[in-house]
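Each chain is listed here by its residues.
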Amino acid sequence: MVYYRKMTADDVDAVHKIEVASFPTPWTLDSFHYEMRENQHAHYLVAQTDEGSLIGFCGMWIVLDSAQITNVAVVESARGQGIGEGLMREAMMLAKAHEVEVMSLEVRVSNIVAQNLYRKLGFNEGGIRKGYYTDNQEDALVMWVNL
């Protein structure tokens, strides 16, 4: 069984490990500490197993009536099991509880699996950010959904 809950400062090390394993240009450990302790706009969720292991996370910034997904990642061994979808659905519910009207994100143009998930959740294509990713200058597809 997987449970979804708000991330705490105690989760930072485990979340950072997932981040490093998932992205070519991961956020730093200090970045996650900042998000947990100082960024009043940051809201993070984690996916946790019955045994207590963190297997995924999702972060977003909520400013006024909009939310920006900052990062979503699931450990490789748990991918394809609906964990990412669960995290996104939880994030959307949390955003709605904060009276958010629109949620947006950027996704690599090559990440078709993630794009399909976001479309399944009602996200629409909103444009391209040229050279958005610093590791290889890949473009990002901007996607958004009205909540």
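Note: the structure precedes this text.
Being a predicted model, the structure only gives us computed values, none of them experimental.

J.: Describe the nonpolar core, with residues and values.
T.: Counting residues in hydrophobic clusters, the biggest one holds 30 residues, and the most contacted among them are Met60, Ile69, Met88, Met103, Leu105, Tyr118 and Phe123. For this core, the secondary-structure elements that each account for two or more residues are β2 (42–49), β3 (54–63), β4 (66–74), α3 (83–97), β5 (102–108), α4 (112–120) and β7 (140–146). It is α3 that provides the largest number of residues to this core, a total of seven residues. Residues within four places of Met103 in sequence aside, it is in contact with Met60, Ala67, Ile69, Met88, Ala91, Met92, Ala95, Phe123, Met143, Trp144, Val145 and Leu147.

J.: Can you explain the environment of Glu99? Please cite residues and give values.
T.: Positionally, Glu99 belongs in the loop between α3 and β5. Taking relative accessible area as the criterion, Glu99 reaches 64% and is therefore assigned exposed. Considering only alpha carbons, one finds Glu99 and Gln68, 31 residues apart in sequence, at a separation of 14 Å.

J.: Go over the sheet that holds β2 with me, naming the residues and quoting the values.
T.: Pairing is mixed across the open sheet formed by seven strands, whose spatial order is β1-β2-β3-β4-β5-β7-β6. Taken across any chain shown, the strands that pair with only one partner, and hence form the sheet edges, are β1 (2–6) and β6 (124–129). If you compare each strand with its neighbour and ignore which way they point, the axes differ by 25° on average. In this sheet, β7 lies alongside β5 in antiparallel orientation, the contact comprising seven bridges. Across the sheet, residue Ser104 finds its bridge partner in β7, namely Trp144. Against the sheet, helix α1 (residues 12–22) touches β2, β3 and β4, its axis set at about 95° to β3.

Cut-offs applied
- Residues numbered from 1 in each chain as written.
- Predicted model: local features only at pLDDT ≥ 70, side-chain atom pairs only at ≥ 80, totals over all residues.
- Heavy atoms only, no water.
- Core = buried A, V, L, I, M, F, W, Y, C linked by side-chain atoms within 4.5 Å.
- Buried < 20%, exposed > 50% of the residue type's maximum accessible area, 1.4 Å probe, protein only.
- Helix = DSSP H or I, 4+ residues; strand = E, 2+ residues; numbered from the N terminus.
- Contact = heavy atoms within 4.5 Å.
- Pairing = 2+ DSSP bridges.
- Axes fitted to C-alpha atoms, helices over the stretch in contact; angles between N-to-C directions.

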